[in-house]
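Letter by letter, the chains look like this.
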Amino acid sequence: MNQKTKRQLMVMAACLLLTGCSSNPAGQQNKTKPQNEQNLQSNSPAETEAPILPSPSETEAIEDHSAEYVGEWWDANGESCSLDIACEDGIHYFIDINWSDGTKDNTHWSFAGTYDKNQKGITYQGSKNKEHYPQGQDLQITGIYTDGTGLIYIDTEGMLHWDDHTENAGAGCIFQKN
């Protein structure tokens, strides 16, 4: 099993486990403070905080858009950015974005979200990590933040857009399905 697949499985498992353990009443959001500069130097990966996902009674009316979104997407503008979307129940989406900075560095975002019919896309919450692959050494992961939010949507031409509310990272990207 490759590193990418392992990472996706770990994120999906963590999100599924943590969503069942939330102590917040339905409808309340967890608010986390952005990490300060000292925390950015940590070698600990940013753990994705359990997003507040709708309860089963709230999701009964949600349409299944997984056929449109699930799969591997590549940036049509030639950036070294790929986006993978998984969904097993037609409601909860798991999004993995990787943006290579070169042969030894990668930025990795892990998000979980649901389709929002009002915004006509997947609203998400999640984390960002920097990954460094030094030659002959173990992968080094630095957590950047755990409170990222945004929207992923498909336009009328079938192209996917990443509207990153935290740092506008997806502004120059337009993705096409692989």
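The structure displayed is predicted, hence computed values, not measured ones.

Peer 1: Describe the overall build of the protein chain, with residues and values.
Peer 2: If you tally the helices and strands in the protein chain, you get four helices and eight strands. Each helix (α) and strand (β) of the protein chain, taken in turn from the N terminus, gives the series α-α-α-α-β-β-β-β-β-β-β-β. A fraction of 51% describes how many contacts in the protein chain between residues 6 or more apart in sequence connect residues 24 or more apart. For the protein chain, the computed accessible surface area is about 10200 Å², with 48% contributed by carbon and sulfur atoms.

Peer 1: Which residues make up a negative patch on the surface, and what values do they have?
Peer 2: Residues E63, D64, E68, E88 and D89 make up a contiguous surface patch of negative charge. By secondary structure assignment, the location of E88 is in the loop between β2 (81-87) and β3 (92-100).

Peer 1: Go over the pairing of strand β4 (residues 105-116) with me, naming the residues and quoting the values.
Peer 2: Taken across its 12 residues, β4 has 10 buried, putting it largely inside the fold. As judged from the nine bridges shared by β3 and β4, these two strands associate in the antiparallel manner. Across the sheet, the residue bridging to H92 is T114, located in β4. Where β3 folds back onto β4 in an antiparallel hairpin, the turn is made up of four residues, including G102, whose phi is positive at roughly 155°. In terms of strand pairing, β4 meets strand β5 (residues 121-132) through 12 bridges, oriented antiparallel.

The rules we used
Residues numbered from 1 in each chain as written. Predicted model: local features only at pLDDT ≥ 70, side-chain atom pairs only at ≥ 80, totals over all residues. Heavy atoms only, no water. Helix = DSSP H or I, 4+ residues; strand = E, 2+ residues; numbered from the N terminus. Contact = heavy atoms within 4.5 Å. Areas by Shrake-Rupley, 256 points an atom, 1.4 Å probe, with all protein chains shown as cover. Patch = residues over 30% accessible without salt bridge, like charges linked within 9 Å, V, L, I, M, F, W, Y side chains within 5 Å. Salt bridge = Lys/Arg side-chain N within 4 Å of Asp/Glu carboxyl O. Lys, Arg positive; Asp, Glu negative; His and termini not counted. Charge placed at Lys NZ, Arg CZ, Asp CG, Glu CD. Buried < 20%, exposed > 50% of the residue type's maximum accessible area, 1.4 Å probe, protein only. Pairing = 2+ DSSP bridges.

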